Amino acid sequence: MSEHPQLVTQLLRAVVAYTWFFETCDETVLDDDTALKQQEYAGYLLNRLSDADKQRVADELAILAASETDPAYRKFVKAFAFAMGLVESEEG
């Protein structure tokens, strides 16, 4: 993947964006149980990564969070690696 450095970043942005949607959408848009199942599935898939790849994701998330201008979304991105079980503390 080193030939496509933006690939990981863009895929991670997509995963975070969809997870944000599941986290914040109203139950009139999507059933809460379905949203939770989708978030858990995303966490499951991410946790199948090697420890080194989990750390790379956490590092990429820190970069994305630092550049985010929406305070609520920045907070979500900062907590994402911990919330998904990729790191053991919120500090990464």
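Up top is the structure.
Residues numbered from 1 in each chain as written. Predicted model: local features only at pLDDT ≥ 70, side-chain atom pairs only at ≥ 80, totals over all residues. Heavy atoms only, no water.

So, the overall build of the protein
Part 1: When helices and strands are counted, the protein shows 4 helices and 0 strands.
Part 2: Each helix (α) and strand (β) of the protein, taken in turn from the N terminus, gives the series α-α-α-α.
Part 3: For a compact globule of 92 residues, the expected C-alpha radius of gyration is about 12 Å, and the protein comes in at 13 Å, within 12% of that figure.
Part 4: Each principal axis of the C-alpha distribution contributes one length, and for the protein these read about 40 × 30 × 30 Å.
Part 5: Burial status across the protein gives 32% buried among its 92 residues.
Part 6: For the protein, the share of sequence-separated contacts (at least 6 apart) that also reach a separation of at least 24 residues comes to 57%.
Part 7: Carbon and sulfur atoms provide 54% of the accessible area of the protein, an area that totals close to 6400 Å². (Helix = DSSP H or I, 4+ residues; strand = E, 2+ residues; numbered from the N terminus. Rg over C-alpha atoms; globule rule 2.2 N^0.38 Å. Buried < 20%, exposed > 50% of the residue type's maximum accessible area, 1.4 Å probe, protein only. Contact = heavy atoms within 4.5 Å. Areas by Shrake-Rupley, 256 points an atom, 1.4 Å probe, with all protein chains shown as cover.)

Observations concerning the packing of aromatic side chains
Part 1: This structure, assessed with the given rule, holds 6 aromatic pairs.
Part 2: When the ring of Tyr-41 is compared with that of Tyr-44, the centres are 6.0 Å apart and the planes differ by 25 degrees; the resulting orientation is stacked. Of this pair, Tyr-41 and Tyr-44 both sit in helix α2 (residues 32-46), 3 residues apart, roughly one helical turn.
Part 3: For Tyr-41, a relative accessible area of 45% translates into the label partly exposed. (Phe/Tyr/Trp six-rings, centres within 6.5 Å; stacked < 30°, edge-to-face > 60°.)

Some thoughts on the packing of helix α3 (residues 51-67) against helix α4 (residues 71-83)
Part 1: The geometry of α3 relative to α4 is characterised by a closest axis approach of 9 Å and an angle of 170 degrees between their N-to-C directions. It follows from the interaxial angle that α3 and α4 lie roughly antiparallel. Contacts between α3 and α4 involve Ala-58, Leu-61, Leu-64 and Ala-65 from the former and Arg-74, Val-77, Lys-78, Phe-80 and Ala-81 from the latter. (Axes fitted to C-alpha atoms, helices over the stretch in contact; angles between N-to-C directions. Parallel < 35°, antiparallel > 145°, perpendicular 65-115°, else oblique.)

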